[in-house]
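Residue-level listing of the chains:
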Amino acid sequence: MDSTSSLKERSQKLFDEGKFTEAFPLLKKVVQETPNDVNLWANLAWTALQLQRFDEAIEAYKQTIRITPQSDWVWRQLAKALLDADRLDEAEKILTNARSLNTNSPWLLRHYAELYHKQQNIPKEIELLEKIHESGEANGSDLTWLGIAYNYHGNYAKAIHFYHLSYAKLEDTAPLFNMGLVFNNPEVSQNVDATDAYRRALALNPDHQRAKEQFEVTRQKLVPLANRAKAVAMDMIQPDEYFQFYLSPFETLQVEPGKSADEFDVKAIQRAKKRLLQEIDLNDGKVSWLGDHSLDRSRALALENELHDNHKRLYHRAIFQNSRLLRFLTRSDIDHFLYDDDYFPKETIELLEKDQGFSSFLSKPFAQQYNLLLSRALERKMLPVVEVLFDGRRWVLPEDDDVCFEGANKQVNNLVSLLRAEAGSGEKKKPSLQALETFLNQHALPGIFNLLPASLRSAHTDIVAELRSLAISCYKNHGDSDLSQSVLNLGKLFHFKSTERNKHLEQDHKKIAEKVVEERKDEANLVFGEERSFQITKDGIWTANRFLPASSVNKMRWGITRDTGTGKYDYLFVITDDAGETIRASWCASDKREANSTKHFNSIEQAALSYLADAAIEKMQAILQRGQSVVIGPCTLTKEGIKFKTQCLFFKKNQFVGWTEVSTEVRNGQVIVCKTSQPKVATTMSTRETDNAVLLPIITLIMRDKKP
């Protein structure tokens, strides 16, 4: 039988070799023999933790604490075990105890950060990880988690920054892969940068499955985009615009940079300078190997000094060896921004990360050239080129971002101003949806604004706000909820990034949709047989292939009669427009079908009064206001009142009733008009046979309420 010392020795050996499954039963046995051995209990707890036997790990750490209660390390380890077991409330209490023993321990802050991460308290997690970073104690894992926290918090620039710092601490796949995910985020949309990050991760670990998958998904999007951009990017920048912001001494002097940055042949440089100056003198200031570009002698002479500076020589060399970067900086070639299986600028990216001097050296000429190219692409509506320029490899310092987008800012703000002018005119004059759609397409507004990066998102906000304003005007100023909703729908062409703005737009859509439903609740639709429909909507009246707009309606009449002999009900509905065009609907029903038919008839009557009557009434009002008269059956309407004749014993008497004395009543298909103070002074007319008799009660109310 093994002695205690032998068991202890064997368990320690297995523990040191990482053979936790074999070590675990031995450790459980040996701690029973030596219950006060702190190291054995700690080993048992750690082994259980590695085997994910969390409850046993927790009990082992608690036993360790009983032996050495002042060890902040053991308290922290117990907290870690509780965190791994997702027993968060207990873990928080244990961390409080550990904090009282050692407030400044980086591990304590790490465990607190993990607690806040699991509690989804991202701001507190960031605060703790930032403390570790500021103390100088942050390792690569801390910085990766800080990047992840900022990513969850929506601060993508910070996330990428800390992934870069993490990779600089320890070359690992985790920060590179996570960096790729951030670049792929639609709010960042730097997909070429994402492929570079995935390729760097795969260079470290070719078997990284998720990096492989994400890389391939992104690559499949970028290859056709690169082809589209190449197809339209011809002659964007003219030769006389080349070399404005950067001139390579190696290309201009026609010398090779050497196998290393330290190699520097002074005599070869001097000979090259002499040859260049002779070329300038003999070729009217032009350099044939630069495409006859004009080059000032002072600028040519300065190139030699660039090569004498060790740092600048290194940076010029890095650019010269990256031919696509060189051609972008000198000739605005877009290939640097395109995904290509044969172009992976790993060395340039890593030099940018490791050498701040190179970033500063490259940033300004890169930003100036980028501004020229992007401005030209926007001006010519070359959307594939705009997209690839936004997609990544924009290697500038944050302080030079404004330079990159100087021209773009002006152009997008001009586009916002154009739409603002359209929205302004829409407040006074009802806009045409077709004209608005043409305007958006003519200026490629959705295509351009959907590509804008974060630095230009305020313009995106403004453009959608103008559409929202125009939609509100269509409803409030012009009373057209359908047009209002259609204008709001145009806002959906813009893939808006702001959650708050999307919320406002959704609320607007909901309100307008409710108004549309309310305004259309009285619409009526009948079908006669299989071929003929009869429909009254807010827009007008339809039947078969004929349509009368609501605004054109001039006359209307309807009514129901009953044939006492046959017991059948006869329904009639007639609408006439300004040109005399008439739409007529009529049908018969038996006693059994009368209730259903009358229900349909009433729905048509309600629809006509809701959607068609206003136009006819407004036209009659306009005639009366001009001092002219309107005839409805036996009545002649004037601005002052109604004239009609009444039957006396042997003759008819002309009557005039002022509007304040006019009373109307609809009874059994008849409109009765009488004088309020003398009810016998009256006349009647049929709603079925008399044009606009059905409107007379409404006109009476309107004219009676008018001030004299």
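Before reading further, recall that the structure is shown in the block above.
Rules and cut-offs
- Residues numbered from 1 in each chain as written.
- Predicted model: local features only at pLDDT ≥ 70, side-chain atom pairs only at ≥ 80, totals over all residues.
- Heavy atoms only, no water.
- Axes fitted to C-alpha atoms, helices over the stretch in contact; angles between N-to-C directions.
- Helix = DSSP H or I, 4+ residues; strand = E, 2+ residues; numbered from the N terminus.
- Parallel < 35°, antiparallel > 145°, perpendicular 65-115°, else oblique.
- Left-handed = near helix turned anticlockwise from the far one by under 90°.
- Contact = heavy atoms within 4.5 Å.
- Nonpolar A, V, L, I, M, F, W, Y, C, P; charged D, E, K, R; others polar.
- Pairing = 2+ DSSP bridges.
- Buried < 20%, exposed > 50% of the residue type's maximum accessible area, 1.4 Å probe, protein only.

Caption draft 1: Molecular detail of the packing of helix H9 (residues 140-153) against helix H10 (residues 156-169). Where H9 contacts H10, the two axes come as close as 8 Å, and the packing angle between them is 165°. What the angle tells us is that H9 and H10 run roughly antiparallel. The chirality of how H9 crosses H10 is left-handed. Taking contact as the criterion, the partners of Gly140, Leu143, Thr144, Leu146, Gly147, Ile148, Tyr150 and Asn151 in H9 are, on H10, Tyr156, Lys158, Ala159, Phe162, Tyr163, Leu165, Ser166 and Lys169. Per-class residue counts for the contact of H9 with H10 are nine nonpolar, five polar and two charged.

Caption draft 2: Main features of the sheet that holds strand E7 (residues 553-563). Taken in spatial order, the three strands make up an open sheet running E7-E8-E9, and their pairing is antiparallel. In this open sheet, the two strands that pair with only one neighbour each are E7 and strand E9 (582-589). Here the average twist between neighbouring strands, direction ignored, is 5°. The sheet contact formed by E7 and strand E8 (residues 568-577) spans ten bridges and is antiparallel. Following the sheet pairing, methionine 556 is matched in E8 by isoleucine 575. Sitting on the sheet, helix H29 (residues 594-611) touches E7, E8 and E9, and the angle it makes with E8 is about 15°.

Caption draft 3: Seen up close, unusual backbone geometry. Non-glycine residue phenylalanine 243 carries a positive phi angle of around 60°. Within the secondary structure layout, phenylalanine 243 lies in the loop between helix H13 (209-232) and helix H14 (249-253). According to the relative accessible area criterion, phenylalanine 243 is buried, its value standing at 1%. Even without glycine at this site, lysine 381 takes up a positive phi of about 55°. Counting through the fold element by element, lysine 381 comes out in the loop between helix H20 (356-379) and helix H21 (383-390). Judged by relative accessible area, lysine 381 falls into the partly exposed class, the value being 34%.

Shape descriptors only; they carry no functional weight alone.
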